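Working through the structure, step by step
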Amino acid sequence: QVQLVESGGGLVQPGESLRLSCSASGSILSIYRMGWYRQAPGNERELVADITSGGRQNYADSAKGRFTVSRDNAKNTVYLQMNSLKPEDTAIYYCNAFLTDVRDYSREYWGQGTQVTVSS
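Residues numbered from 1 in each chain as written. Predicted model: local features only at pLDDT ≥ 70, side-chain atom pairs only at ≥ 80, totals over all residues. Heavy atoms only, no water.

1. Some thoughts on the packing of aromatic side chains
- Under the counting rule described, the total for this entry stands at one aromatic pair.
- Above the plane of the ring of Tyr79 lies Arg19, whose end atom (NZ or CZ) is 4.1 Å from the centre.
- Across from the ring centre of Tyr94, 3.7 Å away, lies the NZ or CZ of Arg45, which sits over that ring. (Phe/Tyr/Trp six-rings, centres within 6.5 Å; stacked < 30°, edge-to-face > 60°. Lys NZ or Arg CZ within 6 Å of the ring centre and 35° of its normal.)

Next comes the structure, spelled out in C-alpha cells:
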C-alpha cells in the first residue's frame, strides 16, 4: 500500500505565504514525479506544479513567479512554497505522485487534499 499525506494548508490573508508538504510512504520502489493539483468549487482539478526525480519543474501559468515546488528524494517528500497568495488561489490542494511500487507496478496516487483559503 502507498499513501500520500499532505499538511500545511490553512487560512491566510492576501499577500501572505503558505508552505504545503506531502510525504509518500509504503511499498515504494521509486518515484518519478511528484506535484500539486488544486480544485476550487465548481472548477475542474488543475495542475499547479510538479517536479521530477531529476529536479525538472513544471508550473501552471498562474503559479509562475509566486510558487516554488521542491522535493526531498530521500524523504519521498514534495513541498509547495506559495507566496503572494491571492483569493483566487483558494482551493483544495491535492498531492500527486507517479511512482513504481515494490511489485514493479507503476501508477498515479493522490493525497486526500488540504484546504487553502485566502481571504481578508
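2. Thoughts on the environment of Ser119
- Mapped onto the elements of the fold, Ser119 is located in the segment after strand E11 (114-118).
- Overall, the relative accessible area of 39% leaves Ser119 in the partly exposed class. (Helix = DSSP H or I, 4+ residues; strand = E, 2+ residues; numbered from the N terminus. Buried < 20%, exposed > 50% of the residue type's maximum accessible area, 1.4 Å probe, protein only.)

3. With respect to unusual backbone geometry
- With a phi angle near 50°, Ser84 is a residue other than glycine that sits in the positive phi range.
- Topologically, Ser84 is positioned in the loop between strand E8 (77-82) and strand E9 (91-101).
- The exposure class of Ser84 is partly exposed, given its relative accessible area of 41%.

4. Points about the state of the cysteines
- Within the structure shown, the criterion is met by one disulfide.
- Note on cysteine connectivity: Cys22 is disulfide-linked to Cys95, with sulfurs 2.0 Å apart. Because the torsion about its S-S bond is -80°, the bridge between Cys22 and Cys95 counts as left-handed. Here Cys22, found in strand E3 (residues 18-26), pairs with Cys95, found in strand E9; they are 73 residues apart in sequence, far enough to count as distant. As far as burial versus exposure is concerned, Cys22 and Cys95 are alike and both buried. (Disulfide = S-S within 2.5 Å.)

5. Structural notes on the pairing of E8
- Among the six residues of E8, five are classified as buried, and the element is accordingly described as predominantly covered.
- Here strand E7 (residues 67-72) pairs with E8 via six bridges, running antiparallel. In the strand pairing of E8, Asp72 is matched with Thr77.
- What sits between the antiparallel neighbours E7 and E8 is a turn of four residues, in which Asn76 has the positive phi angle 50°. (Pairing = 2+ DSSP bridges.)

Any functional reading would require information beyond the geometric quantities listed.
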